[in-house]
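Listed here are the chains, written in short residue letters.
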Amino acid sequence: MKKNNWLKIAVVCVAGAACLSGQFDLKGVDWGQLGKDVIQAARPLNQDEEIALGRQVAARLAGTFGVWKDEAWTEEINIIGRVLVPYSERPDMKYRFAILNTDDVNAYSAPGGYIFISKGMLKQVESEAELAGILGHEIAHVANKDVVREIQKSNLWKTGAKVAISGTELSPEQQELLNNMTNASWDTLVVKGLSKADEFKADQDGTVDARKLGYDSYGLYYFIQRLEPLEKKPGEDLRRLFSTHPKPSERSGRLKQYFDNKGWGKNDLPECKDRLKNFKANHPVP
Amino acid sequence: MKKIWVALFIGCLLAAGVFIAGERALSAKEEPKQEASDESGFWKMFRKAFSRPEPAYKRPDKGVTEVAGSRGLEEGGKLKNKYDWDSVQWMEQYQVKEDRVKDFIECRSLGPYQKQGAGK
């Protein structure tokens, strides 16, 4: 059939629909509500909803792995994390940092700025620049709304977007949506991982934030590079990290390429290796 | 051909009408993003981000949140399915003294104190 014929049919259909609509009482239509429904069906999660979701994911991470509430280390990661925030892409979000009581080498960023680093990861870091790079990476996931975007892409949100999650008392319907979104976020963070592109972007953004703060840009790169030899035979403590992130060799390769393009050399800014070494000597991670 | 354009025009008008009506109904405001460019901007941003009041805290019903099953638990078979709301509250209420932050970045020549142009 010719293209023109299809167009004619389409016009006839539109005209037919318009005629049929005359059969209904259009005066009774609440256009405001109709528009609201249409927009809400395509709306993104707002900040309050993101925090509500993040809080529930954070509670699950804390409940599953436990939180190591060591005074000195909690202050250390909170200071480094918080001074990075003004350089991030989303400084208007309130970020929180805590340590998961697990020997798994990993870090997680729940939506809404709830960021966790594991005790196992703290054992492995060798400089403040590395720590800043890792925290910067997690901040970047929140700033780029990586988990939130995954949720928004899902049918879960497309069908549930009309249910606004707000207020302190949630209805059963709201709570159910929140629980389902928590499960989906958990899957993304702990089981499947984010896309490779999101991880590479977070590596890059975290590095840039750490550099803007004044740390050696190669911090995160050094950390990832040390994981490369373990790629083929990861220990139990690295399995989850490797199953949810691209291969360390791919990550370090991408970062190196980025540094070369930018012309950033090694050690052009302080790494603060000795500072962290001293800190670790005074506050050993059990 | 004319008919198509007329139909398209009417369709666009309708869509715009619905959109505007919806926008009015929602009337949501978004805060503009700010950037930290200099020392005062850094601290302004820092204070703004960390002195904001916490959102109202409500612990969800235990029965409702703890029923959640997920592949994360089934796959590894090791992870517990527990929610620790006390730790989240502790995390939310955790404060760092501004003096400690200032000392930290000053003695490392970081952030607004750095002089090597790292922000470029």
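About the thresholds
- Residues numbered from 1 in each chain as written.
- Chains lettered and ligands numbered in written order.
- Predicted model: local features only at pLDDT ≥ 70, side-chain atom pairs only at ≥ 80, totals over all residues.
- Heavy atoms only, no water.
- Helix = DSSP H or I, 4+ residues; strand = E, 2+ residues; numbered from the N terminus.
- Contact = heavy atoms within 4.5 Å.
- Areas by Shrake-Rupley, 256 points an atom, 1.4 Å probe, with all protein chains shown as cover.
- Buried < 20%, exposed > 50% of the residue type's maximum accessible area, 1.4 Å probe, protein only.
- Pairing = 2+ DSSP bridges.
- Salt bridge = Lys/Arg side-chain N within 4 Å of Asp/Glu carboxyl O.
- Axes fitted to C-alpha atoms, helices over the stretch in contact; angles between N-to-C directions.
- Core = buried A, V, L, I, M, F, W, Y, C linked by side-chain atoms within 4.5 Å.
- Polar contact = N/O pair within 3.5 Å; in protein donor to acceptor, adjacent residues only side chain to side chain.
- Patch = residues over 30% accessible without salt bridge, like charges linked within 9 Å, V, L, I, M, F, W, Y side chains within 5 Å.
- Left-handed = near helix turned anticlockwise from the far one by under 90°.
- Nonpolar A, V, L, I, M, F, W, Y, C, P; charged D, E, K, R; others polar.

A. Main features of the overall build of chain B. Assigned secondary structure in chain B consists of six helices and zero strands. Starting at the N terminus, the α and β elements of chain B follow one another as α-α-α-α-α-α. Contacts in chain B between residues at least 24 apart in sequence constitute 49% of all its contacts with a sequence separation of at least 6. Entry remark: accessible area of chain B is about 8,400 Å², with carbon and sulfur atoms responsible for 55%.

B. Quick peek at the overall build of chain A. Scanning chain A from N- to C-terminus turns up 14 helices and three strands. Sorting the 286 residues of chain A into buried and exposed places 57% on the buried side. Looking at chain A alone, contacts between residues at least 24 apart form 74% of all its contacts between residues at least 6 apart. In the form shown here, chain A has an accessible surface area of approximately 12,100 Å², with 52% of it arising from carbon and sulfur atoms.

C. Representation of the pairing of strand β2 (residues 107–110) of chain A. Residues and elements named next belong to chain A. Of the two faces of β2, the one holding A107 and S109 and the one holding Y108 and A110 are both buried throughout. The pairing of β2 with strand β3 (residues 114–118) spans four bridges and is classified as antiparallel. Of the residues in β3, the one forming a bridge with Y108 is F116. From the end of β2 to the start of β3, which pair antiparallel, there are three residues, and G112 there has a positive phi angle of about 80°.

D. How the structure looks around unusual backbone geometry. Its identity is not glycine, yet A:K145 carries a phi of approximately 55°, on the positive side. Assignment of secondary structure puts A:K145 in the loop between α6 (128–143) and α7 (146–153). A residue is classified by how much of its surface remains accessible, and A:K145, at 31% relative accessible area, is partly exposed. Positive phi, close to 55°, is recorded for B:S109, a residue that is not glycine. Of note, B:S109 is situated in the segment after α6 (98–107).

E. Highlighting the pattern of salt bridges. All names here are of chain A. Counted under the stated rule, the structure contains 17 salt bridges over all chains. Taking the shortest distance from any N to any O, the salt bridge between R240 and D104 comes out at 3.4 Å. Of the two residues, R240 sits in helix α12 (residues 236–244) while D104 sits in the loop between β1 (96–100) and β2, which places them 136 residues apart along the sequence. Residue R226 pairs with E126 through a salt bridge whose shortest N-O separation is 3.4 Å.

F. Main features of the sheet that holds β2(A). All names here are of chain A. Across the sheet, three strands lie side by side as β1-β3-β2; this open sheet has mixed pairing. Every other strand in the sheet has two partners, leaving β1 and β2 as the edge strands with one partner each. In this sheet, neighbouring strand axes are inclined to one another by 20° on average, regardless of whether the strands run parallel or antiparallel. Across five bridges, the pairing between β1 and β3 is parallel. Each residue of the ladder has a partner; that of R96, found in β3, is Y114. Together, β1, β2 and β3 form the strand contacts of α6, whose direction differs from that of β2 by roughly 30°.

G. Looking closely at the nonpolar core. One finds A:L131 and A:Y215 to be the most contacted residues of the largest nonpolar core, which totals 93 residues. Beyond its immediate chain neighbours, meaning those up to four positions away, A:L131 contacts A:W73, A:E76, A:I77, A:I80, A:I117, A:L122, A:V125 and A:L276.

H. Spatial organisation of the side chain of A:S127. Residues and elements named next belong to chain A. With respect to the helices, strands and loops of the structure, S127 is situated in the loop between α5 (119–124) and α6. For S127, a relative accessible area of 0% corresponds to the buried category. Polar contacts involving the side chain of S127 include one to the main-chain amide nitrogen of E130, which spans 3.1 Å. The residues touching S127, leaving out its near neighbours within four places in the chain, are E271, C272, K273 and L276.

I. Quick look at the environment of B:Q95. Relative to the helices and strands, B:Q95 resides in the loop between α5 (85–93) and α6. Remark: the alpha-carbon pair of B:Q95 and B:F50, spanning 45 residues in sequence, is separated by 8.3 Å. Beyond its immediate sequence surroundings of up to four residues, B:Q95 is in contact with A:R82 and B:F50.

J. Looking closely at a nonpolar patch on the surface. Together, B:V6, B:F9, B:I10, B:L13 and B:L14 give the surface a local cluster of nonpolar side chains, amounting to about 500 Å² of exposed area. Examined against the element boundaries, B:I10 turns out to sit in helix α1 (residues 2–26).

K. Focus on the packing of helix α3 (residues 47–65) of chain A against α5(B). Running from N to C, α3(A) and α5(B) cross one another at 115°; their axes reach a closest spacing of 8 Å. Two packed elements cross with a definite hand, and for α3(A) against α5(B) that hand is right-handed. Here A:R55, A:Q56, A:A58, A:A59 and A:A62 of α3(A) come into contact with α5(B), specifically with B:W85, B:S87, B:V88 and B:E92. Grouping the constituent residues of the contact of α3(A) with α5(B) by class yields five nonpolar, two polar and two charged.

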